Amino acid sequence: MTEHHEEHHTVTYKLNSIIWGLLLVLTAITVAAAQFDFGFLNVVVAMTIATTKAGLVILFFMHLKYEKPLFKIIVFITFLLLAIAIGFTFFDLAYRN
Amino acid sequence: MTVVKDYTGAKLGMWLFLFTEILLFGGLFLLYAAYLHRYPADFHLAGKELNVVLGATNTVVLISSSWLMALSISALQQGRVEQSKKLLLGTLACAGMFLVIKYFEWSAKIHHGIYPDSPELLARPAGEVMFFGLYYLMTGLHGLHVILGGGVITYAYVLILKGRVTPQDFVFLENAGLYWHLVDLVWIYLFPLFYLIA
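What you see is a predicted model; the values in this text were computed from it and never measured.

1. Here we look at unusual backbone geometry
One non-glycine residue, H63 of chain A, lies in positive phi territory at about 65°. Of note, H63 of chain A is situated in the loop between helix 2 (41-61) and helix 3 (69-94). Taking relative accessible area as the criterion, H63 of chain A reaches 7% and is therefore assigned buried. Backbone geometry at D117 of chain B places phi at a positive 70°, although glycine is not the residue there. Among the structural elements, D117 of chain B can be located in the loop between helix 4 (81-111) and helix 5 (119-122).

Here you go:
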């Protein structure tokens, strides 16, 4: 017999479905936004929407919102490292001739 | 005999593995960003050749598969085993649909002579060669993850059938779900970068 004694948070069908709906709406928005030319902001708009979608998936579908602080901290550190790697590369690229 | 399962340990291990995946794809996204910065006009032209309708359809398919996966875990946790199994089959159906659409997209491109190292592609400007090289590399690596994820979900389904993943012991399904959601996460970024930036 296998047992575990930890508390588990079950995400309701309703909340899961609301997140699904939001993800579909955001997908529609990003496709619609791509029909307009904001110049340099095109990339910023697309990446902001994508990151919002990623946040919803991580927090609710991947249950990070209900995990222990340890999980939240290590996920944050990972994305921080990725941001540093990408950010510093662009410091270099932007100041080349 | 009572075995106490360490869910925190099991999920921590899965997350650590996912971090390596994030950095693997992160490196490729960095490469994409650097070349977009260098060849903005070529990337713009090349991106226009991709089919936005197919890309958007695949986005909806993959988001829906993630939703079904999350529902399947919720169902199992609430003791609804049969429903959980059906939802897993739905997730697998979406994974299959994604791959079929991807197959048609790649076939159409290859049919037009656009694939890595093709004479048609090499005759084009350097930025377009780079764009399609990254397109095949990144969507190909992602497609491989979809296939592997489908395998893991199928295995989870078998474990439920055999009674080894149950409403009392579901961490395997949760970890399979984490992997599947990562596959969705990567696509959430791939779609705008390749299909919409143009």
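Still to come is the rest of the account.
2. Brief notes about the packing of helix 6 (residues 126-161) of chain B against helix 7 (residues 171-196) of chain B
Residue and element names in this part refer to chain B. Where helix 6 contacts helix 7, the axes come no closer than 9 Å and their chain directions differ by 160°. Comparing the axis directions of helix 6 and helix 7 gives the class roughly antiparallel. Relative to helix 7, helix 6 is oriented so that their crossing is left-handed. Of the residues assigned to the contact of helix 6 with helix 7, the class counts are 23 nonpolar, 5 polar and no charged.

3. Concerning the interface of chain B and chain A
Each side of the interface is counted separately: chain B has 53 residues, and chain A has 47 residues. Our count for the chain B to chain A interface comes out at 1 salt bridge. Among the salt bridges present, the one from E67 of chain A reaches K11 of chain B, with a minimum N-O distance of 3.1 Å. In this structure, the connection of chain B to chain A is made through 12 residue pairs in polar contact (both at pLDDT 80 or more).

4. Some remarks on the pattern of salt bridges
All names here are of chain B. With the rule as written, the count across this model stands at 8 salt bridges over all chains. Among the ionic pairs, E49 bridges to R124, the shortest N-O distance being 2.7 Å. Linking E49 in the loop between helix 2 (40-48) and helix 3 (52-77) with R124 in the loop between helix 5 and helix 6, this pair joins segments that are 75 residues apart in sequence. Overlapping salt bridges, with partners in common, bring together E49, E120, R124 and E128 in one network.

5. Digging into a nonpolar patch on the surface
Residue and element names in this part refer to chain A. Residues I73, F76, I77, L80, L81, I84, F88, F91 and Y95 make up a contiguous nonpolar surface patch of roughly 1000 Å² in combined accessible area. Among the secondary structure elements, Y95 is positioned in the segment after helix 3. For Y95, a relative accessible area of 71% translates into the label exposed.

Parameters at a glance
- Residues numbered from 1 in each chain as written.
- Chains lettered and ligands numbered in written order.
- Predicted model: local features only at pLDDT ≥ 70, side-chain atom pairs only at ≥ 80, totals over all residues.
- Heavy atoms only, no water.
- Helix = DSSP H or I, 4+ residues; strand = E, 2+ residues; numbered from the N terminus.
- Buried < 20%, exposed > 50% of the residue type's maximum accessible area, 1.4 Å probe, protein only.
- Axes fitted to C-alpha atoms, helices over the stretch in contact; angles between N-to-C directions.
- Parallel < 35°, antiparallel > 145°, perpendicular 65-115°, else oblique.
- Left-handed = near helix turned anticlockwise from the far one by under 90°.
- Nonpolar A, V, L, I, M, F, W, Y, C, P; charged D, E, K, R; others polar.
- Contact = heavy atoms within 4.5 Å.
- Salt bridge = Lys/Arg side-chain N within 4 Å of Asp/Glu carboxyl O.
- Polar contact = N/O pair within 3.5 Å; in protein donor to acceptor, adjacent residues only side chain to side chain.
- Patch = residues over 30% accessible without salt bridge, like charges linked within 9 Å, V, L, I, M, F, W, Y side chains within 5 Å.
- Areas by Shrake-Rupley, 256 points an atom, 1.4 Å probe, with all protein chains shown as cover.

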